[in-house]
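# Examining the three-dimensional arrangement
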Amino acid sequence: MELERKLGVWKQQGFIDQSVVDQILTFEKQQPKPTKLPLLLIIGLIFFSLAVFSFIAANWQVMPALLKIGLFVLFMWMFYGFGNFSERKNVGRPIIFRLLGLVMFGASILVTVQSFHFSVSNSLLPWAIFIAALAHYFYWRHFQYGVIAFIVGVFVLMTSIPSMGWLEWVCFIAVTLAWFYFSRSNISMVFSWLLLFGSGLMLWTLVDYESILWPIWTLFTLVLLLLVVPDKE
C-alpha cells in the first residue's frame, strides 16, 4: 500500500514515530470507502441515456422551442442533483456529473439563442460559460473548472477581436482580475494571468494608435500586478 510505504520512509527518516504511524493507519481504515456503482447499473444507465437522446433527436424538428429549452434545463438540474447525491453518498465522482451539468447549461443557452433567433454577437454563449465555469471553480475549487474557464476565456477573446468594445473589455478585465486575486493555486493564477495578458493585446483593436509595444506595456503592468499577489492555499 502506498500510504504504508510512505509512512515507513517517514519513520526511517525520523519525521514520525511508531505511535503516529499507528494513529494514521487507524484513522485511514475508519474512513468510508467510495461506493462503486454496479457494472450492470452503469450499462443500464448508458443504454437508457442513449434511448432518451435518440428519441429527442428523432423528434427534434417538431418539438416546440420552450420544450427544447426545458429539456436541457431539466438535464442540467438532473446532473447537478446527481452530483450532489454522489457527493453526499460518496458514490462515483461528483465532478463528472457537475461537468455534464455545465455542458447542459451551455447547451440550453445555445438552444435558446437558436430557437428565438437571438444575435450571437459579442460572444454571448462563451461569456455565459466563462462566468459559469469560474463560479464552479470558486465554489468547488476543482482544477478541471479552471481549465474549462481558461479555454472558454481564450475563446471569448478570440471571437471578440472584430467587435470588442471598451465595456466588454473592462468587464473581461474585472472578471479575470477577480479570478487572479482569488485563485488560491498557482496553476489557476497562471491561467488568469495569461488571460490578462491576452486582454492587453486586445488594445490593438480598441485604441486608434499604431504601436507594436502593447505586449511590452501589458507585461510591465502585469509584473506590477504580481506585487499584490494574495496568500495562496
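The following refers to the structure shown.

### Focus: the overall build of the chain
Tallying secondary structure elements over the chain gives eleven helices and zero strands in all. Residues counted as buried form 32% of the 233 residues belonging to the chain. Just so you have it, the chain exposes about 15200 Å², and 71% of that area is on carbon and sulfur atoms.

### Focus on unusual backbone geometry
Even without being a glycine, Arg 141 presents a positive backbone phi close to 60°. Assessed through its relative accessible area of 24%, Arg 141 is described here as partly exposed. Of note in this structure, Arg 184 is not a glycine but carries a positive phi near 70°.

### Quick word on the packing of helix H7 (residues 143-159) against helix H9 (residues 186-201)
Where H7 contacts H9, the axes come no closer than 10 Å and their chain directions differ by 5°. Between H7 and H9, the interaxial angle falls into the category roughly parallel. Contact residues: Phe 143, Gly 146, Val 147, Ala 149, Phe 150, Gly 153, Val 154 and Leu 157 in H7; Ile 187, Phe 191, Leu 194, Leu 195, Gly 198 and Ser 199 in H9. Here the contact of H7 with H9 is built from residues that sort into ten nonpolar, four polar and no charged.

### Topic: the nonpolar core
Of all hydrophobic cores here, the largest spans 43 residues; its most connected members are Phe 130, Trp 169, Phe 172, Trp 179 and Leu 195. Among the secondary structure elements, those contributing two or more residues to this core are helix H4 (65-89), helix H5 (94-115), helix H6 (124-140), H7, helix H8 (166-181), H9, helix H10 (203-206) and helix H11 (214-225).

### Some words on the pattern of salt bridges
Going through the model one piece at a time under the given rule, you end up with one salt bridge. The salt bridge partner of Glu 87 is Arg 98, with a shortest N-O separation of 3.0 Å. Taken as a pair, Glu 87 in helix H4 and Arg 98 in helix H5 lie far apart in primary sequence, eleven residues in all. Here Glu 87 falls in the partly exposed class, since its relative accessible area comes to 43%.

### Brief notes about a nonpolar patch on the surface
On the surface, a cluster of nonpolar side chains totalling about 400 Å² of accessible area is made up of Ile 43, Ile 46, Phe 47 and Leu 50. Within the fold, Ile 43 resides in helix H3 (residues 39-58).

### Describing the packing of aromatic side chains
Enumeration over the complete set of coordinates arrives at 14 aromatic pairs. Ring centres 6.5 Å apart and planes at 75° place the aromatic pair Phe 79 and Phe 82 in the edge-to-face group. Placement of both Phe 79 and Phe 82 in helix H4 is noted, with a separation of three residues, approximately one turn of the helix. Given a relative accessible area of 39%, Phe 82 falls into the partly exposed group. Judged by centre distance (4.9 Å) and plane angle (85°), the rings of Tyr 139 and Trp 140 are edge-to-face. Taken together, the ring pairs in this structure connect Phe 79, Phe 82 and Phe 97 into an aromatic cluster.

### Side note on H9
Look at H9: 23 Å from first C-alpha to last across 16 residues, which is about the 22 Å you get at 1.5 Å a residue. Buried within H9 we find Ser 188, Met 189, Phe 191, Ser 192, Leu 195, Leu 196, Gly 198, Ser 199 and Gly 200.

### A closer look at the environment of Val 170
Here Val 170 is to be found in helix H8. Along the backbone, Val 170 and Ser 199 are 29 residues apart, and their C-alpha atoms lie at a distance of 9.4 Å.

### Focus: the packing of H4 against H5
Orientation of H4 relative to H5, taken along the N-to-C sense of each, is 165°, at an axis distance of 8 Å. Overall, the two elements H4 and H5 adopt an arrangement that is roughly antiparallel. Of the two possible hands of crossing, H4 and H5 adopt the one that is left-handed. Classifying every residue of the contact of H4 with H5 by side-chain character gives 17 nonpolar, seven polar and three charged.

### Comments concerning the environment of Leu 100
When you line up the elements, Leu 100 lands in helix H5. According to the relative accessible area criterion, Leu 100 is partly exposed, its value standing at 35%.

Rules used throughout
- Each chain carries its own residue numbering, running from 1 in the direction its sequence is written.
- Only residues with pLDDT of at least 70 get local features here, since the model is predicted, and only at 80 or more are side-chain atom pairs given and counted; chain-wide, interface and lining totals rely on the full set of residues.
- Remark: hydrogens and water are excluded; side-chain values derive from all non-hydrogen atoms of the structure.
- The helix and strand labels rest on DSSP assignments: H or I over at least four residues marks a helix, E over at least two residues marks a strand, and numbering proceeds from the N terminus.
- Partly exposed describes any residue whose relative accessible area lies between the buried limit of under 20% and the exposed limit of over 50%, with all areas from a 1.4 Å probe on protein chains only and scaled to the type maximum.
- We get accessible surface area from the Shrake-Rupley algorithm with a probe of 1.4 Å; when it comes to residues, only the shown protein chains can shield them.
- To get an axis, fit a line to the C-alpha atoms, keeping to the stretch in contact for a helix; angles then go from 0 to 180 degrees between the N-to-C directions.
- Small angles under 35 degrees read as roughly parallel and large ones over 145 as roughly antiparallel, with 65 to 115 read as roughly perpendicular and the rest as oblique.
- We call two residues contacting when some pair of their heavy atoms lies within 4.5 Å.
- Put simply, Ala, Val, Leu, Ile, Met, Phe, Trp, Tyr, Cys and Pro go in the nonpolar bin, Asp, Glu, Lys and Arg in the charged bin, and everything else, Gly too, in the polar bin.
- The set of buried Ala, Val, Leu, Ile, Met, Phe, Trp, Tyr and Cys residues whose side-chain atoms join them within 4.5 Å is what this entry labels a nonpolar core.
- Salt bridge, as applied in this entry: a Lys or Arg side-chain nitrogen positioned within 4 Å of an Asp or Glu carboxyl oxygen.
- Here the term patch refers to residues with relative accessible area over 30% and no salt bridge, with like charges joined within 9 Å and nonpolar side chains (Val, Leu, Ile, Met, Phe, Trp, Tyr) within 5 Å.
- Aromatic rings from Phe, Tyr and Trp, with only the six-membered ring used for Trp, were paired whenever their centres fell within 6.5 Å, and each pair was classed as stacked if the ring planes differed by under 30 degrees, edge-to-face if by over 60, and tilted otherwise.
- Between the first and last residue of a helix there are one fewer steps than residues, each counted as 1.5 Å, and that sum is the expected span.
- Two helices cross in a left-handed way if the nearer one is turned anticlockwise from the farther one by less than a right angle. They cross in a right-handed way if the turn is clockwise.

Without other data, these values stay purely geometric and don't point to any function.
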